[in-house]
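Residue-level structure breakdown
Okay, here's what each chain looks like letter by letter:
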Amino acid sequence: MIAELGLAALWLAAALAALQLVAGGLAARQEDSELALLARPAAVVQGALCLFSFAMLVWLFARTDLSVKLVAMNSHSMKPMVFKLAGSWGNHEGSMLLWVTVMSAAGALIGFLERRLPERTMQATLAAQGFVALGFYAFLLFSSNPFERLPVPALEGNGLNPLLQDIGLAFHPPTLYLGYVGLSVAFSFVVGALLTRSVTPDFARAMRPWVLGAWIFLTIGITAGSYWAYYELGWGGWWFWDPVENASLMPWLAATALLHSASVLAARDALRTWTVMLGVVAFSMSMIGTFLVRSGILTSVHAFAVDPERGAFILALLMIYIGGALAVFGFRAGTVAEGERFALVSREGALVINNVMLSAILGVVLLGTLYPLLTEAVGVRVSVGPPYFDPAGAIFTLPMLLVMAAGPLLRWRRDRLERVKAPLIAAGLVALAVLVGVLAFAGPGVLPLLGLALGAGLAVASLLPLRGRKLTRLPLATWGMVVAHFGIAVALIGMASDSAFSEERLAALKIGDSAEIGSWRVTLAAVSPVAGPNWNAIEGVMLASYSGGIPVRLAPQARSFWTPPQETTESALETRWNGQLYAVLGKAADGERWQVRLWWKPFVTLIWFGGLLIAFGGVLALLGRLAQDLRRRTIARKGAARRAELSA
Amino acid sequence: MNSWRFFVPLAIFAAFLGVAAWQLTQPKDEFVHSAMVGKPIPAFAMRPATSDRPGLKLADLKDGKPKLLNIWASWCVPCAAEAPQLAALKAQGAPIVGVAIRDRPEDVAAFLARYGNPFDRIGADDLSELQLAIGSSGVPETFVVDGQGVIRYQHIGDIRKSHVPILLEKLAEAGE
């Protein structure tokens, strides 16, 4: 019954999405119709139904109901409960249901709360949302039904991909999804505003919290995903330019650009076309990412749910939504006047340059990701890796970082560079000092060196907007910007430090042997088999001491799962304030020796710490915006009450 | 003022759709093929995986006669599914040697008692060393090895009925 209830709720939700599309669509066509009034309630009920449907799926997974195909394929009665629950979205069908659930919940929230926009624009936005959701409902109901029953219940489940049986990864996809889906909301706002020709500062203010929210989740998702790949895959790296990684990076780049351009629109009524364009592009990137990951047209180390038929379905959705939105953009963009003018040397000017650079980086990543596809069309198989992405990305990243340092110091509309010269020179001097210091100390490559210098300079520059201001009276949104920009600098220093100073050591050790790396001395104390709930492993016990200090115990494992059979590497990490020691147990080299791989990575943790700072900056900005909004509403309400009082 | 430049994004997107749609219709090779095909197997020596068959070492593969090298395990469900096909190959004169991955002697014996034993020799690969060395990514997998210990062909996944003639043909080619 549970499965049937979930499926019925899903059908009903789909019907409501259709109603929302029709009702809101009438509003967009400027027809006065009572039906248009249904758009908001339809959105709210649709959200509730979809949430109910998803809850039913989670319940099925919690009970390990093996008569449901999805549960039998992806779960196992022996699995720990938290992974059973995570199993409900750790597969294609479940993750699609999660997507549409978050999307309809967001629609419900908009229908419930949003009062800033003209009612028509609001209804058109909900129509666009219903339209996008409808495609995903169709996908679920016709091609990937998560509630499908087996003719005969299975005796035991298939398990969950062991690589995914990791607490970090169990929550990594939902985080990214919240980001992707948040961008679909921004997309609906853009389409609604285009259709009703109301690309206004109010529209930017209404859309901004959604973009910010999506961007925060994307930032956390990417940061967590990078850390997961780093400690779980056992190769010691944190970014691989893999298509699946790029699939999450591209919407982030677009969303970052959108965030900045929406701020210009909200504050100064400029950059209307840009903002609208970026709104379409940002969501396109999350859809294209989904398509690349699910369709199997690109080979990736961790692409999942690969299926050309599903790929065709997503491609059709892409064609309808993105193609449709771009066509609307083509026809309507001309009618969206450009808005206020500004000088190149101004806050707007800096934000435009930042936007262009972010778009260029996006282009570089997109081209690199799709390049193998393009060359395969002419019969050549290639893979594009760091040798392309690193320098090509750096060409645009370096000027962007420079603008990032100067931009926040500039005034809106028009400014003079002389006014901000002194603080920038100070930041530049810091960068120069780091450059000289590192050069004197060691000789790493050009890019890491530049990264370190720029990171140090940017760290100083990002704090400059605080100079001469009363810190307690500074708006929360400004704090958010400062923290996020500082986070970029911190992450950059981490990345540069990792590639400049990392040491790697591969040793074949007998029990009792030691290897030295950096200031560490690592002794292999024992190798023994251990057993877990659904795996067994060979565990190496290592004692690592830093500069002859008290040894710490590291226990990397090579695990074998048996349902389904797969092997994973559990690296062991020892984190110190100045870096991480990373140990992996390899194969037995000859009867008595074991291969041990060690890395000493100075300040590598700054990468993820910086990522979290960036996200935290986003949270501060979001809270600031929401509080500002609340204040504005209260003032408006009081003003109205006052006027009513006076006129009475 | 419908400027043509506002349609540039749509044009780029249409081009992407075209390439993606064309790609989707192309047959895809899902498997990870070993880079070792055409190369000699590196030296190895394994203890017997079960008491009634000898173990396996490189010299056994270099006796001048081509063989099938079957990578399997008693805990692997598709390995049980392919057992009838291995028996059929054996019946048609194909010499088969086995490598049991991360297995226990009693489990191996129980598996062979239940599904038949087509193997002339079975080595125990307790740490997947040989498996990794010859570029096998999972169980079951079957390699055609010529009389000099050079890998000539790799079959990934369980052997179905339709694969039997192909394997026999590859085996014959390896003997030429």
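Model, not experiment: these values are computed from the prediction.

**Here's the deal with the overall build of chain B**
Of regular secondary structure, chain B possesses seven helices and seven strands. The N-to-C order of helical and strand elements in chain B reads α-β-β-α-β-α-α-β-α-β-α-β-β-α. Computed over the C-alpha atoms, the radius of gyration of chain B is 22 Å, more than 25% above the 16 Å expected from 2.2 N^0.38 for a compact globule of 176 residues. If one aligns the C-alpha atoms of chain B with their principal axes, the spans along those axes are about 85 × 35 × 30 Å. In chain B, once contacts between residues fewer than 6 apart in sequence are set aside, the share between residues at least 24 apart is 73%. For chain B, the distance from the average position of its 18 positive side-chain charges to the average position of its 19 negative side-chain charges is 2 Å.

**Quick notes on the overall build of chain A**
For chain A, the helix and strand inventory stands at 17 helices and 10 strands. In terms of overall dimensions, chain A is globule-like: its C-alpha atoms have a radius of gyration of 27 Å, near the 26 Å expected for 648 residues. Along the three orthogonal principal directions, the C-alpha set of chain A runs to about 90 × 75 × 60 Å. Within chain A, contacts between residues separated by at least 24 positions form 73% of all contacts whose residues are at least 6 apart in sequence. For chain A, the exposed surface amounts to about 26,700 Å²; the carbon and sulfur share of it is 66%. Between the centroid of the 49 positive side chains of chain A and the centroid of its 38 negative side chains there is a distance of 12 Å.

**Looking at the interface of chain B and chain A**
On the side of chain A, 34 residues touch chain B, which itself brings 22 residues to the contact. The largest share of the area that chain B buries against chain A comes from Phe6(B), Phe16(B) and Leu24(B), three residues that together contribute 24% of it. Linking chain B with chain A are zero salt bridges. At the junction of chain B and chain A, the tally comes to zero residue pairs in polar contact (both at pLDDT 80 or more). Among the secondary structure elements, those contributing two or more residues to the side of chain B that touches chain A are helix H1 (8-25) and helix H6 (129-133) of chain B. Counting residues per element, the side of chain B that touches chain A draws most heavily on H1(B), which supplies 11 residues. For the side of chain B that touches chain A, the residue count by class is 16 nonpolar, three polar and three charged.

**Considerations on the pairing of strand S3 (residues 67-72) of chain B**
Residues and elements named next belong to chain B. Across the six residues that make up S3, a large majority, six, are buried. Taking every second residue as pointing to the same face, both faces of S3 are buried, with Lys67, Leu69 and Ile71 on one and Leu68, Asn70 and Trp72 on the other. Two strands pair when backbone bridges link them, and S3 and strand S6 (residues 141-145) are joined in this way by five bridges, in the antiparallel orientation. Considered in S6, the bridge of Leu68 is made with Val144.

**Remarks on the packing of helix H8 (residues 201-232) of chain A against helix H17 (residues 606-647) of chain A**
All names here are of chain A. It is at 9 Å that the axes of H8 and H17 come closest, and there the two elements cross at 165°. When the axis of H8 is compared with that of H17, the two are roughly antiparallel. Here H8 and H17 pass one another in a crossing that is left-handed. A breakdown of the residues in the contact of H8 with H17 according to their chemical character gives 15 nonpolar, six polar and four charged.

**Re the pattern of salt bridges**
Side chains that differ in sign of charge can pair as their charged atoms come close. This structure, assessed with the given rule, holds 20 salt bridges over all chains. Asp60(B) is the partner of Lys57(B) in a salt bridge, and the nearest nitrogen-oxygen pair spans 3.4 Å. The class for Asp60(B) is buried, based on a relative accessible area of 11%. Connected through shared salt-bridge partners, Glu4(A), Asp65(A) and Arg149(A) make up one network.

**Overview of the packing of aromatic side chains**
Considering all chains together, one arrives at 29 aromatic pairs over all chains under this definition. With a centroid separation of 6.2 Å and an interplanar angle of 45°, the aromatic rings of Trp99(A) and Tyr180(A) are classed as tilted. Of this pair, Trp99(A) sits in helix H5 (residues 92-113) while Tyr180(A) sits in helix H7 (residues 167-195), and the two are 81 residues apart along the sequence. By relative accessible area, which is 7% here, Tyr180(A) ends up buried. Judged by centre distance (4.8 Å) and plane angle (45°), the ring pair of Phe111(B) and Tyr115(B) falls under tilted. Residue Phe111(B) and its partner Tyr115(B) are both found in helix H5 (residues 105-115); the two are separated by four residues, about one turn of the helix. With relative accessibility at 10%, the residue Phe111(B) sits in the buried group.

**Let's talk about the side chain of Thr223(A)**
Secondary-structure assignment places Thr223(A) in helix H8. Not counting chain neighbours up to four residues away, the residues in contact with Thr223(A) comprise Trp608(A), Gly611(A) and Leu612(A).

**Brief notes about helix H4 (residues 83-91) of chain B**
All names here are of chain B. Listed in full, the buried residues belonging to H4 are Ala83, Gln85, Leu86 and Leu89. Angular distribution of buried residues about the axis of H4 spans 160°; they occupy a single face of the element. The elements touched by buried residues of H4 are S3, helix H3 (77-81), strand S4 (96-101), H5 and helix H7 (163-175).

**Side note on the side chain of Asp158(B)**
Residue and element names in this part refer to chain B. Positionally, Asp158 belongs in the loop between strand S7 (151-156) and H7. For Asp158, the side chain forms a polar contact with the side chain of Arg160, separated by 3.2 Å. Not counting the four nearest positions on each side in its chain, Asp158 is found in contact with Pro78, Ala81, Glu82, Pro140 and His163.

**What to know about the environment of His172(A)**
Residues and elements named next belong to chain A. Position of His172 among the secondary structure elements: in helix H7. On the accessibility criterion, His172 (15% relative accessible area) is buried. His172 sits 50 residues away from Ile222 along the chain, and the two C-alpha atoms are 8.4 Å apart. In this structure, His172 is in contact with Gly221, Ala224 and Gly225, ignoring residues within four places of it in sequence.

**Some details on the environment of Leu19(A)**
Residue and element names in this part refer to chain A. Along the chain, the position of Leu19 falls in helix H1 (residues 2-28). Using a relative accessible area of 28% as the deciding quantity, one classes Leu19 as partly exposed. Counting along the chain gives 16 residues from Leu19 to Leu35, while the straight-line C-alpha distance between them is 9.1 Å. Apart from the residues lying within four places of it in its own chain, the contact partners of Leu19 are Leu38 and Ala42.

**Concerning unusual backbone geometry**
Residue and element names in this part refer to chain A. A positive phi is found at Arg197, a non-glycine position, where the angle reads about 50°. The phi angle at Ser547 is positive, at roughly 50°, despite the residue not being glycine. Mapped onto the secondary structure, Ser547 falls in the loop between strand S4 (535-546) and strand S5 (552-554). Owing to a relative accessible area of 55%, Ser547 belongs among the exposed residues under this scheme.

**Details of the confidence of the model for chain A**
The pLDDT averaged across chain A works out to 84; a share of 92% of its residues lies at or above 70. Here residues 300-305 of chain A scores under 50 on pLDDT; set against residues more than four positions off or in separate chains, the count is 18 contacts.

**Things to note about helix H6 (residues 119-143) of chain A**
Its 25 residues give H6(A) an end-to-end C-alpha distance of 36 Å, which sits within 8% of 36 Å, the value for a rise of 1.5 Å per residue. Of all 25 residues in H6(A), 18 are buried; the element is thus mostly enclosed.

**Observations concerning the packing of helix H2 (residues 39-63) of chain A against H6(A)**
All names here are of chain A. Close contact between H2 and H6 brings their axes to 9 Å; oriented N to C, the two are set at 35°. Where H2 crosses over H6, the two elements pack in a sense that is left-handed. Taking contact as the criterion, the partners of Ala39, Arg40, Ala43, Gln46 and Cys50 in H2 are, on H6, Glu119, Met122, Gln123, Leu126, Ala133 and Tyr137. Split into classes, the residues belonging to the contact of H2 with H6 amount to seven nonpolar, two polar and two charged.

Cut-offs used in this document
Residues numbered from 1 in each chain as written. Chains lettered and ligands numbered in written order. Predicted model: local features only at pLDDT ≥ 70, side-chain atom pairs only at ≥ 80, totals over all residues. Heavy atoms only, no water. Helix = DSSP H or I, 4+ residues; strand = E, 2+ residues; numbered from the N terminus. Rg over C-alpha atoms; globule rule 2.2 N^0.38 Å. Contact = heavy atoms within 4.5 Å. Lys, Arg positive; Asp, Glu negative; His and termini not counted. Charge placed at Lys NZ, Arg CZ, Asp CG, Glu CD. Areas by Shrake-Rupley, 256 points an atom, 1.4 Å probe, with all protein chains shown as cover. Buried area = accessible area lost by both parts, 1.4 Å probe. Salt bridge = Lys/Arg side-chain N within 4 Å of Asp/Glu carboxyl O. Polar contact = N/O pair within 3.5 Å; in protein donor to acceptor, adjacent residues only side chain to side chain. Nonpolar A, V, L, I, M, F, W, Y, C, P; charged D, E, K, R; others polar. Buried < 20%, exposed > 50% of the residue type's maximum accessible area, 1.4 Å probe, protein only. Pairing = 2+ DSSP bridges. Axes fitted to C-alpha atoms, helices over the stretch in contact; angles between N-to-C directions. Parallel < 35°, antiparallel > 145°, perpendicular 65-115°, else oblique. Left-handed = near helix turned anticlockwise from the far one by under 90°. Phe/Tyr/Trp six-rings, centres within 6.5 Å; stacked < 30°, edge-to-face > 60°. Arc of directions from axis to C-beta. pLDDT = per-residue confidence, 0-100. Expected span 1.5 Å × (residues − 1).

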